[in-house]
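Fold and contact review
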Amino acid sequence: QVVAEHPARRSMCRLGELRLERTFQYPLGPDRPLMGSFDTREEVCRAVGGARHGDVVLFEDGHVATVVGVRADRYGVPRLWSHREGEKGATVIDEDEELRVVSKATYIPSGGLPSGTPPSTAAAWLQPTFWYMTASGSPMRFDISDDVCLSVGGFRHGQVLRLASETSESVVIGAQRVPYRRQFVQLWLTKRGQVAAFSVYPQL
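As a starting point, this report considers the structure included with it. Here the structure is a predicted model, which is why all the values come from computation and not from measurement.

Helix and strand counts for the protein come out as three helices and 13 strands. For the protein, the residues scored as buried account for 45% of the 204 residues in total. Within the protein, contacts between residues separated by at least 24 positions form 52% of all contacts whose residues are at least 6 apart in sequence. For the protein, the exposed surface amounts to about 11000 Å²; the carbon and sulfur share of it is 48%.

On the surface, Asp94, Glu95, Asp96 and Glu98 cluster together to form a negatively charged patch. Following the sequence through the fold, Asp96 ends up in the loop between β6 (90-92) and β7 (100-103). Among the residues examined, Asp96 registers a relative accessible area of 61% and is labelled exposed.

Another point: the environment of Val101. The topology assignment puts Val101 in strand β7. Given a relative accessible area of 36%, Val101 falls into the partly exposed group. Apart from residues no more than four positions distant in its own chain, Val101 is found in contact with Ala51, Asp55, Val56, Val57 and Ser151.

Applying the stated criterion to the full structure yields eight salt bridges. Across the pair Glu85 and Arg177 runs a salt bridge whose closest N-O atoms are separated by 2.8 Å. Of this pair, Glu85 sits in the loop between β5 (78-84) and β6 while Arg177 sits in strand β11 (residues 170-178), placing them 92 residues apart in sequence. Each member of the pair, Glu85 as well as Arg177, is classed as buried. Its salt-bridge partner being Glu169, residue Arg192 comes within 2.6 Å of it at the nearest N-O pair. A residue pair is termed long-range when its members are at least 10 positions apart, and Arg192 in the loop between β12 (181-191) and β13 (197-200) and Glu169 in the loop between β10 (160-161) and β11 qualify at 23 residues. Classification of Glu169 as partly exposed rests on a relative accessible area of 28%. Three or more residues joined by partner-sharing salt bridges are found here, namely Glu21, Asp39 and Arg41.

Strand order across the open sheet formed by four strands is β10-β11-β12-β13, with antiparallel pairing between neighbours. Both edges of this open sheet fall to β10 and β13, since each of them pairs with a single strand only. Sheet topology places β11 next to β12; eight bridges connect them, and they run antiparallel. Its bridge partner being in β12, Val171 is matched across the sheet by Thr190. Seen against the sheet, helix α3 (residues 146-153) touches β11 and β12 and runs at an angle of roughly 100 degrees to β12.

Moving on to the packing of aromatic side chains. This structure, assessed with the given rule, holds four aromatic pairs. When the ring of Phe24 is compared with that of Tyr26, the centres are 6.2 Å apart and the planes differ by 15 degrees; the resulting orientation is stacked. We classify Phe24 as buried; its relative accessible area is 11%. Note on Tyr26: relative accessible area 1%, which makes it buried. A centroid spacing of 6.3 Å and a plane angle of 15 degrees characterise the contact between Phe130 and Tyr132, whose relative ring orientation is stacked. The class of Phe130 is partly exposed, set by a relative accessible area of 28%. It is Arg71 that lies over the ring of Phe38; its NZ or CZ is 5.5 Å from the centre. Looking at Arg84, its charged tip hangs above the ring of Phe59, at a distance of 3.9 Å from the centre.

Reading the values: rules and limits
- Residues numbered from 1 in each chain as written.
- Predicted model: local features only at pLDDT ≥ 70, side-chain atom pairs only at ≥ 80, totals over all residues.
- Heavy atoms only, no water.
- Helix = DSSP H or I, 4+ residues; strand = E, 2+ residues; numbered from the N terminus.
- Buried < 20%, exposed > 50% of the residue type's maximum accessible area, 1.4 Å probe, protein only.
- Contact = heavy atoms within 4.5 Å.
- Areas by Shrake-Rupley, 256 points an atom, 1.4 Å probe, with all protein chains shown as cover.
- Patch = residues over 30% accessible without salt bridge, like charges linked within 9 Å, V, L, I, M, F, W, Y side chains within 5 Å.
- Salt bridge = Lys/Arg side-chain N within 4 Å of Asp/Glu carboxyl O.
- Lys, Arg positive; Asp, Glu negative; His and termini not counted.
- Charge placed at Lys NZ, Arg CZ, Asp CG, Glu CD.
- Pairing = 2+ DSSP bridges.
- Axes fitted to C-alpha atoms, helices over the stretch in contact; angles between N-to-C directions.
- Phe/Tyr/Trp six-rings, centres within 6.5 Å; stacked < 30°, edge-to-face > 60°.
- Lys NZ or Arg CZ within 6 Å of the ring centre and 35° of its normal.

Structure, rendered in structure tokens:
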């Protein structure tokens, strides 16, 4: 039942009368989830949010999540939902959020993984092989593959950039999780002429 009108309803007109088939059960909510039902059909997920059920995606701030499926939000509008790392269940994806798909679809069991584990943690999409020193003084391995670096930050390993806030040039090292905030993946750079990598947001 629709309890309030929502601005997003106008943007759903292009989908016509979308009839959901919510056959997939998954925990719903970030902290103390209850079981909810989702439509996981590829054509529905792509039409609503541009990604497939099971896709590993990055939010604009680098937060890693797994796409679960489509269900109506509290206004009755069909929306795409995802399970973010660090949370116990699926939450709705903001309408203005620009997701970056970083991995092909991974398997999600009906009912979710034990203890509310996000499926993305079991997907080996990040393959760090390249050692480089970080600004903290500790070496770290980075994923330097083109597919991952482009998906995470829009640039390849070895590309030379100039950040808007910097006067000197920087070189792209690779992609890696952020220490102490492991649910976030970011592109890491080093200032040209220095040997110390630092992380930046996926969108530079």
